[in-house]
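Residues per chain, in single letters:
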Amino acid sequence: MAISDIHWRALTMLDMPALADIAAQVHPDYFEDLAVLAEKLTLYPDGARLLEIAGEPAGYLLSHPYPYLSVPPLNRLIGKIPAPADCLYLHDLALLPKARGRGAAGWAVEDLARHAQRQGFSAMALVSVGNSAAFWGRFGFSPVDRPELAAKLASYSETARYMVRPLDRSLPGS
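Owing to the predicted nature of the structure, the values given are computational and were not obtained by experimental measurement.

The rules behind the values
Residues numbered from 1 in each chain as written. Predicted model: local features only at pLDDT ≥ 70, side-chain atom pairs only at ≥ 80, totals over all residues. Heavy atoms only, no water. Helix = DSSP H or I, 4+ residues; strand = E, 2+ residues; numbered from the N terminus. Rg over C-alpha atoms; globule rule 2.2 N^0.38 Å. UniProt positions renumbered as here; feature names shortened; annotations may be inferred. Axes fitted to C-alpha atoms, helices over the stretch in contact; angles between N-to-C directions. Parallel < 35°, antiparallel > 145°, perpendicular 65-115°, else oblique. Left-handed = near helix turned anticlockwise from the far one by under 90°. Contact = heavy atoms within 4.5 Å. Nonpolar A, V, L, I, M, F, W, Y, C, P; charged D, E, K, R; others polar. Salt bridge = Lys/Arg side-chain N within 4 Å of Asp/Glu carboxyl O. Buried < 20%, exposed > 50% of the residue type's maximum accessible area, 1.4 Å probe, protein only.

1. Topic: the overall build of the protein chain
The helix and strand inventory of the protein chain stands at five helices and seven strands. If you list the helices and strands of the protein chain from N to C, you get β-α-α-β-β-β-α-β-α-β-α-β. Computed over the C-alpha atoms, the radius of gyration of the protein chain is 15 Å, within 12% of the 16 Å expected from 2.2 N^0.38 for a compact globule of 174 residues. For the C-alpha atoms alone, the extent of the protein chain along its principal axes is close to 45 × 40 × 30 Å.

Below you can see the structure in the form of structure tokens.
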């Protein structure tokens, strides 16, 4: 994305201090150790982006393959991507206030969806927290209620929802 002074780029390990700072500001109620966040980047670098505004970090996106209808534990290392990793799991999209309302979230989600289609995933999934389900609904995610997910979702929060966006592999760019 290149709209004047704002763009997404590949996230690297050198960006981890900035990522930790953004996470602390945006998600103070959902703390994750830096090692957990770094592991997401290490396991799937193609699913990690940093948002910059005027050359300064302003947001990030972390995603990785994961089994459909499964929720990774919050603030825990997963060691490796479990099989079958048939879904692209959007672990986190965090934007500082100065980045909000500029289209950055939509661009990142659509770019991730095109990537997921090219990689052969049939869906993207996430856990919405902090009553963000309506936000994610704008990008095609819908809640999926499954009793077997309840315990893991509760570890995030009482309002956490598992949400899925089916992918149509026939879309342009796939």
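2. A look at the UniProt feature "domain: N-acetyltransferase" (unreviewed entry) in the protein chain
In the numbering used here, UniProt assigns the feature "domain: N-acetyltransferase" (unreviewed entry) to residues 6-168. End C-alpha to end C-alpha, residues 6-168 measures 29 Å, and it is 29% helix and 28% strand.

3. Topic: the packing of helix α1 (residues 16-26) against helix α2 (residues 34-43)
For the pair α1 and α2, interaxial distance at closest approach is 10 Å and the crossing angle is 120 degrees. Between α1 and α2, the interaxial angle falls into the category oblique. In the packing of α1 onto α2, the handedness of the crossing is right-handed. In contact with Met16, Leu19, Ala20 and Ala23 of α1, α2 contributes Leu34, Leu37, Ala38 and Leu41. Residues belonging to the contact of α1 with α2 are distributed by class as follows: eight nonpolar, no polar and no charged.

4. With respect to the pattern of salt bridges
The full count for this structure, using the stated rule, is eight salt bridges. Linking Glu52 and Arg9 is a salt bridge whose minimum nitrogen-to-oxygen distance equals 3.0 Å. Here Glu52, found in strand β2 (residues 48-53), pairs with Arg9, found in strand β1 (residues 6-10); they are 43 residues apart in sequence, far enough to count as distant. One salt bridge connects Asp145 with Arg161, and the closest N-O pair in it is separated by 3.0 Å. Placement of Asp145 in the loop between β6 (142-143) and α5 (150-156) and of Arg161 in strand β7 (residues 161-166) is noted, with a sequence separation of 16 residues between them. Of the residues examined, Asp145 reaches a relative accessible area of 61% and is grouped as exposed. The structure contains a network of salt bridges with shared partners spanning Arg9, Asp15 and Glu52.

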